[in-house]
Amino acid sequence: MATSKKDQATTAPTPPPESGLKFFREILGQDWVVSHLKAAMIAGRLSHAYLFLGPGGVGKATTARALAAALNCTQPEADGDACGTCPSCRRLAAGTHPDFLVITPEESKAQIKIEQIRELRRLTAYPPLGGGWRVVLIKPAEALSAANDAAANALLKTLEEPPPQHLLVLTARGEADLLPTIVSRCHKLAFAPLPSALIIQELENRRALPRSQAALVTALSGGSLGRALALDPEELVRQRDQVLSDLDHINRGETGLVLEWAQRLTQNRTDLNNFLLLAQLWYRDLLLSHFQAPASLLAHQDLLSALEQARAGGAPATWFASFAALGVAQRHLQANLNPELTLDILGLRLQRHGNPYDSR
Ligand SMILES: [Zn+2]
């Protein structure tokens with residue numbers, strides 16, 4: 001529908017949580033989930049509670065919104081999707097629909113308060129005001145048990161005895177941080193990370209990014225369109241250039257510089273994580289281009305001649321080794337090993353792999 005793109009463009013990057021109409025046909029890259037929900041809706045076999053699992057920014061809340069729109073639409077399309085023009089759709093678009101509720105932590109807090117769940121329970125004692133379905137989106141469900149389990153336990157009662165014409169949607173990255181009693185009462189649907197080609201296309205369309213920048217941003221997005229849209233492409237290019245300059249120094253075997261680099265990078269965890277990712281992408285690109293993969297698969301599409309030059313002066317075995325060393329450092333940091341020590345070792349490993357004449 002022609003309005004959908006305009007709708008997204010005006011609300012990006014962070015639409016207010018209670019407004020905005022979404023359609024099933026707008027949801028990108030989650031065809032299986034969408035067709036499952038539409039089929040269940042048309043057959044009248046929807047669960048009373050869903051748990052949408054998957055990384056951030058892949059469309060979980062958007063899908064909950066589209067479900068609420070479709071369920072309450074008075075003139076749905078033949079495939080069950082919302083019409084966009086009936087009174088219910090218009091109220092959803094304006095953020096004034098009385099039967100679509102979003103429960104989310106207040107301000108920047110990580111926790112949903114028990115009062116919010118008690119308020120929800122008071123409300124669900126009454127039927128939906130519009131005569132259709134009351135849809136309650138709880139996001140993220142991890143926030144139910146962030147400080148204690150009181151809010152989660154209060155919600156349990158609603159999940160155990162769901163009122164008629166009520167549907168709950170909980171979103172979460174994974175099940176690990178949720179109470180098993182919550183998980184077991186929901187129908188789980190897994191949202192996949194989005195394909196790179198799709199994210200690149202959205203960045204080109206919505207942000208008017210050149211292809212090479214879109215490719216770099218996408219490579220760092222982890223399959224999340226939300227994350228891709230939130231990243232600053234120019235800052236990323238600046239960081240990437242710094243990473244390549246660092247790698248160049250390290251490879252030239254200046255040990256003093258290696259240790260100084262390690263110390264500098266440990267000051268900022270975000271810089272450190274970005275270094276590891278960007279450097280991995282560099283070696284991945286070297287390997288991909290060595291094995292003649294198409295340039296469209298590369299993260300650093302603006303650096304084809306630099307890649308060519310680096311390929312001429314290196315060997316695949318050392319790129320594999322450097323890539324692996326970066327992965328080991330990543331795991332050590334995730335396991336809370338001493339960052340400075342981890343980076344010293346990483347720097348020395350990269351230095352050794354980067355110098356083909358070094359037989360240590
Ligand atoms: Zn409608």
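Residues numbered from 1 in each chain as written. Predicted model: local features only at pLDDT ≥ 70, side-chain atom pairs only at ≥ 80, totals over all residues.

(A) Up close: the environment of histidine 249. The topology assignment puts histidine 249 in helix α11 (residues 233–251). Between the C-alpha atom of histidine 249 and that of leucine 343, which follows or precedes it by 94 residues, the distance is 15 Å. In contact with histidine 249, other than residues within four places in its own chain, are Glu254, Leu257 and Trp261. (Helix = DSSP H or I, 4+ residues; strand = E, 2+ residues; numbered from the N terminus. Contact = placed C-beta atoms within 7 Å.)

(B) Inspection of the packing of helix α12 (residues 255–265) against helix α16 (residues 339–354) at higher detail. Relative to each other, α12 and α16 sit at 140 degrees, their axes nearing to 9 Å. With respect to each other, α12 and α16 are oriented oblique. The crossing of α12 and α16 is right-handed. Taking contact as the criterion, the partners of Val258, Leu259, Trp261, Ala262, Gln263 and Leu265 in α12 are, on α16, Glu340, Leu343, Asp344, Gly347, Leu348 and Gln351. When the residues that make up the contact of α12 with α16 are grouped by side-chain class, the tally is 7 nonpolar, 3 polar and 2 charged. (Axes fitted to C-alpha atoms, helices over the stretch in contact; angles between N-to-C directions. Parallel < 35°, antiparallel > 145°, perpendicular 65-115°, else oblique. Left-handed = near helix turned anticlockwise from the far one by under 90°. Nonpolar A, V, L, I, M, F, W, Y, C, P; charged D, E, K, R; others polar.)

(C) Region of the structure containing the sheet that holds strand β4 (residues 166–172). The strand order across the open sheet formed by 5 strands is β2-β3-β4-β1-β5, and the pairing between neighbours is parallel. Every other strand in the sheet has two partners, leaving β2 (100–103) and β5 (187–190) as the edge strands with one partner each. Neighbouring strand axes in the sheet, compared pairwise and without regard to direction, differ in orientation by 20 degrees on average. As paired elements, strand β3 (residues 134–138) and β4 share 5 bridges and run parallel to each other. Looking at the pairing, isoleucine 138 lines up with leucine 170 of β4. Here helix α3 (residues 60–72) sits on the sheet and contacts β1 (49–53), β2, β3 and β4; the angle it forms with β3, its principal contact strand, is near 175 degrees. (Pairing = 2+ DSSP bridges.)

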